[in-house]
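Architecture at a glance
As a plain string of letters, each chain reads:
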Amino acid sequence: MLFTLPSLALIGSLLLLPIGQTVYHSFTTWDGITTRWVGASTYSHLFNRPEFTQVLENNALLVLAIPVAILFPLSVAFLINSKIPGWRFFRSVFFLPTAVSWVVIGFIAVRFFADDGILQHLLRGVGLGSLHPNMLSHERTALVAVMITFVWSMFGTNLIIFLAGMSTIDQELYDAAKVDGAGSFTVMLKITIPLLRRFIQFTFIVTLITAFTALFSLIFVMTRGGPGYGTTTLEFFIYEQGFSTGDFGLASTAGVILFIAVAAVSLLQVRLLRTED
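Residues numbered from 1 in each chain as written. Predicted model: local features only at pLDDT ≥ 70, side-chain atom pairs only at ≥ 80, totals over all residues. Heavy atoms only, no water.

Quick look at the overall build of the protein
Looking only at helices and strands, one finds 13 helices and 2 strands in the protein. Relative to its 277 residues, the protein shows a buried fraction of 38%. Of the contacts made within the protein by residues no fewer than 6 positions apart, 67% connect residues no fewer than 24 positions apart. Charged side chains of the protein number 15 positive and 15 negative; the gap between the two group centres comes to 4 Å. (Helix = DSSP H or I, 4+ residues; strand = E, 2+ residues; numbered from the N terminus. Buried < 20%, exposed > 50% of the residue type's maximum accessible area, 1.4 Å probe, protein only. Contact = heavy atoms within 4.5 Å. Lys, Arg positive; Asp, Glu negative; His and termini not counted. Charge placed at Lys NZ, Arg CZ, Asp CG, Glu CD.)

Here is the structure:
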């Protein structure tokens, strides 16, 4: 216990204390200097704001992108693990987005999705240039563009995690399955996925936390939360309320809701994937 005191002091001062202060300020009106206790009315006021309802919807839609951000790299990891020709090259290329910062990814996405951007040039090349899909100019399409960019940016990280997990699986299991006549899809469904359950659980939590708390730079560069509140997430909403309007009390309230949302979804996922050791 004596040796853990320095760590406990560091965690308590830099993590637990700020969390406690945020919970306290979520029941107050706070402009960064003066504080006035108003109780739970801050929560009712926040949920009665129509723009906050849209913010919650945006986060819910981001959750729908998480299965894609997991299943897509899982499928590619299975192909690479099968040692297809050029698998070392593809493993390196697919990991590249992980080495790029969110700001750079955001600028690339803007260049890709904007009017007369890369996507428009690709459509012209296949004879569909009349579509003009300026996805960043409309609320729902802008959110779809953010979701696509988010899935792409998480692809390399999840791919490496799955490849690491597959390297721990005994090769004799695959050999026995081939002797029994099992195809590639059956092997993936009956052997790989069950033995990767812990890794799938880990990637879900990492991807979830990223979707809820690490997309600020990406959204700021791509859309600045717009058009309107079309791409404003809880994380971006907290920034706007605190540093744009100066309402740190309301920002703290949204921060508590963000914490509860991430914890609830994480606990639900752990319960669904829980297995006996």
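That was the structure; now back to the text.
A short note on the environment of Ala264
Turning to its location among the elements, Ala264 is positioned in helix α13 (residues 248–272). Remark: the alpha-carbon pair of Ala264 and Ile84, spanning 180 residues in sequence, is separated by 40 Å.

So, the packing of aromatic side chains
What the rule picks out here adds up to 19 aromatic pairs. Aromatic side chains Phe94 and Phe155 sit 5.2 Å apart centroid to centroid with 80 degrees between the ring planes, which places their arrangement in the edge-to-face category. Here Phe94, found in helix α4 (residues 87–95), pairs with Phe155, found in helix α7 (residues 139–166); they are 61 residues apart in sequence, far enough to count as distant. The partly exposed category is assigned to Phe94, whose relative accessible area is 25%. By relative accessible area, which is 7% here, Phe155 ends up buried. Pairing Phe220 with Phe236 gives two aromatic rings, centres 6.4 Å apart and planes at 40 degrees, and the pair type is tilted. Of this pair, Phe220 sits in helix α11 (residues 216–222) while Phe236 sits in helix α12 (residues 234–244), placing them 16 residues apart in sequence. Through successive ring pairs, a cluster of aromatic residues spans Trp30, Phe216, Phe220, Phe236, Tyr239, Phe243 and Phe248. When the ring centre of Phe220 is taken as origin, the NZ or CZ atom of Arg224, which lies over that ring, is 4.2 Å away. (Phe/Tyr/Trp six-rings, centres within 6.5 Å; stacked < 30°, edge-to-face > 60°. Lys NZ or Arg CZ within 6 Å of the ring centre and 35° of its normal.)

Digging into a nonpolar patch on the surface
A cluster of nonpolar side chains, Ile11, Leu15, Leu16, Ile19, Val23, Phe259 and Ile260, forms an exposed patch at the surface whose accessible area comes to about 650 Å². When residues of the nonpolar patch are traced back to their parent elements, those giving at least two are α1 (5–25) and α13. A total of 5 residues in the nonpolar patch trace back to one element, the largest contributor, which is α1. Mapping Leu15 onto the fold places it in helix α1. Relative accessible area serves as the criterion here: at 47%, Leu15 is assigned to the partly exposed category. (Patch = residues over 30% accessible without salt bridge, like charges linked within 9 Å, V, L, I, M, F, W, Y side chains within 5 Å. Areas by Shrake-Rupley, 256 points an atom, 1.4 Å probe, with all protein chains shown as cover. Salt bridge = Lys/Arg side-chain N within 4 Å of Asp/Glu carboxyl O.)

A few points about the side chain of Thr149
With respect to the secondary-structure elements, Thr149 resides in helix α7. When sequence neighbours within four positions are dropped, the list of residues in contact with Thr149 reads Ile105, Ala109, Phe113, Leu218 and Met222.

Regarding the environment of Asp180
Inspection of the secondary structure assignment puts Asp180 in the loop between α8 (171–179) and α9 (184–195). Along the sequence, Asp180 and Leu163 sit 17 residues apart, while their C-alpha atoms lie 24 Å from each other.

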